[in-house]
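# Summary of the model geometry
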Amino acid sequence: MSKTKSVSKLKVLGIAGSPRRDGNTDLLLHQVMAGVASQQVQTKTVILTQLNIAPCRHCDGCLKTGKCVVDDDMQWLHTDLREADRIILASPVFFMGLTAQTKAMIDRCQALWIMKYVLKLPVPINPDKERRGFFISVGGTKLSNLFQPAIATIKSWFTTLDIKYDGELVFSGIDEKGAITKHPTALKDAFAAGQQLVTVNLLK
Ligand SMILES: Cc1cc2nc3c(=O)[nH]c(=O)nc-3n(C[C@H](O)[C@H](O)[C@H](O)COP(=O)(O)O)c2cc1C
């Protein structure tokens, strides 16, 4: 039997990337965050559709400093992303990729890519702490490769942030708003995933 404990001082950041409020990925994210909170870990959730995040202009304004020159909500979100011990990103599949809101946020992390690969500076605020990331998604169709393009983007983004990809919870054939509530295990799986994300195995 494995012995585990939760780490209550963790900073856990949830990011809701769907433009549809209270839709399927929102419901899944809510359950993952509830699983995290059940371990006495504090959570913060940001809803991208409520934020002002312009697309990256590739102006190279970040090239010398690693700081983005576009003054919008991405300024404080960069700090949250650099501080978080766990990042949980939820986005449905839109045209085989992430939503525009999610992709704009990821592209704006080009400043952090510059920080890491050009300026050779640490992206995490606490580089010694383990950082883990998790991806939640749904898609309306049942294509076999439905989530692969999105997962490739998420992995590339987590690598830039020095975050270990900890896995995903994805469901195909989920289209109508709220359809995920009819899935036999999805919401329970999401709660369990949240618990697991903030639990460390003491016997490893
Ligand atoms: C603009 C747009 C593009 C979409 N593209 C796809 C797609 O490529 N593949 C797919 O399976 N579902 C696609 N869908 C369906 C959504 O993934 C599906 O409705 C999902 O349940 C929405 O999740 P949400 O409720 O969290 O917003 C698309 C929906 C929209 C609005």
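Residues numbered from 1 in each chain as written. Predicted model: local features only at pLDDT ≥ 70, side-chain atom pairs only at ≥ 80, totals over all residues. Heavy atoms only, no water.

### Structural notes on the packing of helix α1 (residues 24–37) against helix α6 (residues 186–197)
For clarity, the cut-off: Angles shown run from 0 to 180 degrees and are taken between the N-to-C directions of axes, each axis being a line fitted to C-alpha atoms and, for helices, limited to the stretch in contact. Elements are defined by DSSP. Helices are runs of H or I of four residues or more, strands are runs of E of two residues or more, and each kind is numbered from the N terminus. Put simply, angles under 35 degrees are roughly parallel, angles over 145 are roughly antiparallel, angles from 65 to 115 are roughly perpendicular, and the rest are oblique. Left-handed is the label given to a crossing in which the near helix is rotated counterclockwise from the far helix by less than a right angle, and right-handed is the label when the rotation is clockwise. Note on definitions: a residue-residue contact is assigned when non-hydrogen atoms from the two residues lie within 4.5 Å. All amino acids are sorted into three groups, where Ala, Val, Leu, Ile, Met, Phe, Trp, Tyr, Cys and Pro are nonpolar, Asp, Glu, Lys and Arg are charged, and the leftover types, Gly among them, are polar.
Packing of α1 against α6 brings their axes to within 6 Å, and their N-to-C directions diverge by 40°. In terms of orientation, α1 lies oblique with respect to α6. By crossing handedness, the relation of α1 to α6 is classed as right-handed. Where α1 abuts α6, its residues L27, L28, Q31, V32, A34, G35 and V36 lie against A186, L187, A190, F191, G194 and Q195. Considering only residue class, the contact of α1 with α6 consists of nine nonpolar, four polar and no charged.

### Digging into helix α4 (residues 110–118)
Here is the rule: Using a 1.4 Å probe on the protein chains alone, a residue whose accessible area is under 20% of its type maximum counts as buried, one over 50% counts as exposed, and one in between counts as partly exposed.
Those residues of α4 that fall on the buried side of the exposure criterion are A111, L112, I114, M115 and K116. The inward-facing, buried residues of α4 abut α2 (74–83) and α5 (148–160). Positive backbone phi, at 55°, marks K120, one or two positions downstream of α4.

### A closer look at the packing of aromatic side chains
What counts here: A pair of aromatic rings is counted whenever rings of Phe, Tyr or Trp (Trp by its six-membered ring) have centres within 6.5 Å, and the orientation is called stacked for planes under 30 degrees apart, edge-to-face for over 60 and tilted otherwise.
Per the stated rule, a full pass over the model turns up three aromatic pairs. When the centroid spacing of 5.2 Å and the interplanar angle of 25° are considered together, the rings of W157 and F158 count as stacked. Assigned by exposure class, W157 and F158 land together as buried. Taken together, a centroid distance of 6.1 Å and an interplanar angle of 45° make the contact between F158 and Y165 tilted. An aromatic cluster of at least three residues, connected via ring pairs, comprises W157, F158 and Y165.

### Observations concerning the layout of surface pockets
Selection rule: Cavities and pockets are found on a 1 Å grid laid over the protein atoms alone: a cavity is a set of points where a 1.4 Å probe fits but cannot escape, a pocket is an open set with protein on both sides within 12 Å along at least five of seven lines, and a lining residue has an atom within 4 Å of such a point. Grid points are joined across faces, edges and corners, and a volume is the space filled by probe spheres set on the points.
In this model, the largest pocket occupies a volume close to 240 Å³. Lining of the largest pocket is provided by 17 residues; of these, P92, V93, F94, G140 and D175 occupy positions nearest its centre.

### Observations regarding the pattern of salt bridges
Our working definition: Note on definitions: salt bridges are taken to be side-chain nitrogens of Lys or Arg within 4 Å of carboxyl oxygens of Asp or Glu.
By the definition in use, this model includes eleven salt bridges. Ionic pairing is found between R108 and D72, a salt bridge with its closest N-O pair at 2.8 Å. In this pair, R108 is assigned in the loop between α3 (100–107) and α4 and D72 in the loop between β3 (43–47) and α2, connecting sequence segments 36 residues apart. Given the relative accessible area of 10%, D72 is considered buried. The closest approach of N and O atoms between K129 and D85, which form a salt bridge, is 3.1 Å.

### What about the site of the ligand?
The condition is simple: Neighbouring residues are identified by heavy atoms, a residue being near a molecule or strand if any of them is within 4 Å of it. Nitrogen and oxygen atoms within 3.5 Å of one another constitute a polar contact, given that in protein one can donate a hydrogen and the other can accept it, and given that sequence-neighbouring residues count only through two side-chain atoms. Only the protein chains shown count as covering a residue, and every accessible area follows the Shrake-Rupley method with a 1.4 Å probe. A pocket or cavity is taken to hold a molecule when more than half of that molecule's atoms are within 2 Å of the pocket's grid points.
Lining the immediate environment of the ligand, one finds 17 residues, of which S18, T25, T141, I174 and D175 sit closest. Within the backbone of I174, one N or O atom sits 2.7 Å away from an oxygen atom of the ligand. In the complex, 78% of the free accessible area of the ligand, which totals 640 Å², lies under the protein chains. Applying the majority rule of atoms within 2 Å of the grid points places the ligand in the largest pocket.

### Quick word on the nonpolar core
Threshold: Among buried residues, the Ala, Val, Leu, Ile, Met, Phe, Trp, Tyr and Cys ones that are joined through side-chain atoms within 4.5 Å form a nonpolar core.
Among the nonpolar cores identified, the biggest contains 29 residues, and I15, L77, L81, I87, M105, W157 and L161 are the most heavily contacted of them. Broken down by secondary-structure element, the contributors of at least two residues to this core are β2 (12–16), α2, β4 (86–90), α3, α4 and α5. Apart from residues lying up to four places away in sequence, L81 is in contact with L13, I15, M74, I87, M105, C109, R131, W157 and L161. One finds V12, V36, I47 and F134 within the second-largest nonpolar core, a separate group that totals 25 residues.

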